Amino acid sequence: MFLSTFSDISVAAWTMAATAAFLMGVSKAGLKGMSIFNVTLMALAFGSRASTGLFIPLLIVGDIFAVLYYNRHTQWKYIIKFLPWMILGILVGVLIGKDLPEREFKWGMVVVIFISLGMLIWWDRRKSKKVPTHWLFSGSMGIFAGICTMIGNLAGAFTNIFFLAMRLPKNEFVGTAAWLFFITNLFKLPFHVFVWKTISVESLLINLRLLPAIFVGLVFGVFLVKKINEKNYKRFILIVTAIGAVAILFR
């Protein structure tokens, strides 16, 4: 549940939320790998369950930008292969997360964060090896991605593994992922409004205050995606995210 008024939200909470929105914009502009960090910061700012609803409108804004900017690189055959499984996972996630108390929801988010971290590390170590492309592979990755995106907006590790397994070049990777997340975030929207009730007028007002941060992140991300070396900051994100996941438990 959200705090009753803007004045009740601390400066520290606004700072964490704005940083999360900024990094979300950078990620949506094409610099992947920061979704776990965004989720950790937003959960620390507003609580585990409330943060899931706060994310959706901001994610859709970022998705619209990414779709418009990278649309020409989209590979629809991979979306068609992956999307049905991800939708199935979202429906499972709706059932799992609907009646979970805040404490269990918090633990669920932490578990998802560490699973995602583990998947990213696993993939990094196996990047030179052949990854199976059988439908069981796409199906399992899609279902896990759907569950994780519904419970904690944390599908990135699983979708990244799938697209990397398809050997997509950078622009095709970003363009295809942009459409996939745009579709799935729109699909999740009514569940957050009518089932989980994590999106309200109050949460949308908070979203409006965070829009400048995501816009700055989008512009900055377009610049960075052509300049930055991802190797060093990926290690930083993995370490800080692990610390953030533990911090959620003691919030």
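All values derive from a computational prediction rather than experimental measurement.

> Would you explain helix H7 (residues 156-165) in this entry?
For an α-helix, the turn length of 3.6 residues means that residues three or four places apart are oriented alike. For H7, the tally of buried residues reaches nine of ten residues, placing the bulk of the element in the interior. Looking only at H7, the buried set comprises Gly156, Ala157, Phe158, Thr159, Asn160, Ile161, Phe162, Phe163 and Ala165. Downstream of H7 by one or two residues, Arg167 has phi in the positive range, about 60 degrees.

> Whenever I open this one, the side chain of His192 confuses me. Can you help?
Mapped onto the fold, His192 is located in helix H8 (residues 170-195). Look past the residues within four positions of His192 in its chain and what remains in contact with it is Thr52, Gly53, Ile56, Met150, Lys197, Thr198 and Ile199.

> How should I be thinking about the packing of helix H4 (residues 76-98) against H8 in this particular structure?
When two helices pack together, their arrangement is captured by the angle between the axes and the distance separating the axes. Put simply, H4 and H8 touch, their axes get as near as 10 Å, and they point 25 degrees apart. Taken together, the axes of H4 and H8 lie roughly parallel to each other. The hand of the H4/H8 crossing is right-handed. On the side of H4, the interface is formed by Trp76, Tyr78, Ile79, Phe82, Leu83, Met86, Ile87, Ile90, Leu91, Val94 and Lys98, while H8 contributes Thr176, Trp179, Leu180, Phe181, Ile183, Thr184, Phe187, Lys188, Phe191 and Val195.

> Where do I start with the nonpolar core in this structure?
Within the largest apolar cluster, 62 residues are counted, with the highest numbers of intra-cluster contacts made by Met42, Phe46, Leu58, Phe163 and Leu210. In this view, Leu58 contacts Ala21, Met24, Met42, Asn207, Leu210, Leu211 and Ile214; residues no more than four positions away in its chain are not counted. Counting residues in each nonpolar core, the second largest holds eight residues, with Phe105, Ile147, Phe191 and Trp196 among its members.

Parameters at a glance
Residues numbered from 1 in each chain as written. Predicted model: local features only at pLDDT ≥ 70, side-chain atom pairs only at ≥ 80, totals over all residues. Heavy atoms only, no water. Buried < 20%, exposed > 50% of the residue type's maximum accessible area, 1.4 Å probe, protein only. Helix = DSSP H or I, 4+ residues; strand = E, 2+ residues; numbered from the N terminus. Contact = heavy atoms within 4.5 Å. Axes fitted to C-alpha atoms, helices over the stretch in contact; angles between N-to-C directions. Parallel < 35°, antiparallel > 145°, perpendicular 65-115°, else oblique. Left-handed = near helix turned anticlockwise from the far one by under 90°. Core = buried A, V, L, I, M, F, W, Y, C linked by side-chain atoms within 4.5 Å.

Fair warning: the whole summary comes from geometry, so function is off the table for now.
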